[in-house]
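# Per-entry structural report
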Amino acid sequence: MESEPGAGSGSEAGARSAPGAGGGAASAERDAEEPVRSRSRDLLLLAGICLLTLLLVNAFVVRPFAVPSASMENTLLTGDRLIANQLAYSFGGHPQRGEVVVFDGTGSFRQGPAGPAGFWGGLQGLARDLGLAPAGDSVYVKRVVGVGGDRVTSTGPGARITVNGVQVDESSYLAPGDEPSNVPFDVVVPAGELWVMGDHRSASRDSRDHLGEPGGGFVPESKVIGRAEWVVYPVGHWRSLDGPEAFAATGGTGGHGDQR
C-alpha cells in the first residue's frame, strides 16, 4: 500500500513531464527557425545597402545612359550604353573643347517641363537614374565645340569650323561624308555656357538648330550631367571616350569667360 502514493507521484510526475516534452519540441523548432529569420534579415539588409549604394553612385559619381539616336555616329551608335562621370566638373572644373558631355536640354534644346510630376514621374526618374529606363526626351549627348568666351564660326559647306580664329580639324571623329557644318554661323559663347554639336553633323539637331530660340542654342554648364567616359555595352563597343586632339591648337586663345 505504501507503494501506491509513490506510483501516484510517479504518474503525476509523468503527467507534468508531458507538457515539458512538447515545450522542448516547440523550443527546438523556434531555435531552428531563428537562423532562417536571421539570414533573411541579413539578406534584406544587404539588398538595401546595395540599392542605397547604387542610388548614391548614380546620384553623385557615375550614371549610365542609353544613346537614343544617330546624332553622334560613329563615335556613339544608337543603343550604345555609356557611363557619364558626374564628378568630372566638380570642384571648379569646366567642360573642355572636344569633350563629349551628357546634359539636360530643358530650357535650351527643349522648351517646357522635363517630365511628368507626381508619383509616377518620380518612379520614372528613379528608373532612369538606375539605368533601367531611357533618359528621356530632355537628356542629350553632344560634343563641346565652344566654351564660354569662345567665338565659333562656320562659313558653311567645304570649310572647317574655327574657334577664336583657329581652324579645327575634326576629321578624326566626324561621320564619314559629313561636312563640319552645312549651315553658316558666327557666335560668341556667353560665359558659363557651351556651344555643342553632334559628330554626325547631317543628322544632329544641335546648337545650330536652336539659334533663334530662347537660349540661342547655348547650353548652361550647370545643365551638364557629366562627361561621357566609357561605352560599356554592347561588349563589342567597349572603349573609353578620350577627348580628341583636334582642339589642341585652340589652347590659349580664350574661353571660360575670356572673350576675344
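Rules used in this analysis
Residues numbered from 1 in each chain as written. Predicted model: local features only at pLDDT ≥ 70, side-chain atom pairs only at ≥ 80, totals over all residues. Heavy atoms only, no water. Core = buried A, V, L, I, M, F, W, Y, C linked by side-chain atoms within 4.5 Å. Buried < 20%, exposed > 50% of the residue type's maximum accessible area, 1.4 Å probe, protein only. Helix = DSSP H or I, 4+ residues; strand = E, 2+ residues; numbered from the N terminus. Contact = heavy atoms within 4.5 Å. Patch = residues over 30% accessible without salt bridge, like charges linked within 9 Å, V, L, I, M, F, W, Y side chains within 5 Å. Areas by Shrake-Rupley, 256 points an atom, 1.4 Å probe, with all protein chains shown as cover. Salt bridge = Lys/Arg side-chain N within 4 Å of Asp/Glu carboxyl O. Phe/Tyr/Trp six-rings, centres within 6.5 Å; stacked < 30°, edge-to-face > 60°. Lys NZ or Arg CZ within 6 Å of the ring centre and 35° of its normal.

### Remarks on the nonpolar core
Formed by 15 residues in total, the largest nonpolar core has its most connected members in Val145, Val152, Phe185, Trp195 and Phe247. The set of elements that each furnish at least two residues to this core consists of strand S8 (185–188) and strand S9 (193–197). Ignoring anything within four residues of it in the chain, the contact list for Val152 reads Val145, Gly146, Ile161, Thr162, Phe185, Asp186, Val187, Val189 and Trp195. Listed in part, the 14 residues of the second largest apolar core include Val67, Leu82, Val100 and Ile225.

### So, unusual backbone geometry
In the segment running from Glu73 into Asn74, the intervening peptide bond is cis, with an omega of 0°. A positive phi is found at Phe91, a non-glycine position, where the angle reads about 60°. Taking relative accessible area as the criterion, Phe91 reaches 82% and is therefore assigned exposed.

### Comments concerning a nonpolar patch on the surface
On the surface, a nonpolar cluster with roughly 550 Å² of combined accessible area is contributed by Trp230, Val232, Tyr233, Val235 and Trp238. Note on placement: Tyr233 falls in strand S11 (residues 224–233). The partly exposed category is assigned to Tyr233, whose relative accessible area is 48%.

### Regarding the pattern of salt bridges
The tally for this structure, following the rule as stated, stands at nine salt bridges. Here Asp186 makes a salt bridge to Arg151, at a shortest N to O gap of 2.6 Å. Here Asp186, found in strand S8, pairs with Arg151, found in strand S5 (residues 151–154); they are 35 residues apart in sequence, far enough to count as distant. Ionic pairing is found between Arg201 and Glu170, a salt bridge with its closest N-O pair at 2.7 Å. With Arg201 in the loop between S9 and strand S10 (219–220) and Glu170 in the loop between strand S7 (166–167) and S8, this pair connects stretches of sequence that are 31 residues apart. We note that Arg201, like Glu170, is buried. Each of Glu99, Arg227 and Glu229 takes part in a single network of salt bridges with overlapping partners.

### Re the packing of aromatic side chains
In total, this model carries five aromatic pairs according to the counting rule given. Aromatic ring contacts, followed pair by pair, group Phe103, Phe109 and Tyr140 into a single cluster. For the cation-ring pair, Arg143 lies above Tyr173, with the distance from its terminal atom to the ring centre recorded as 3.9 Å.

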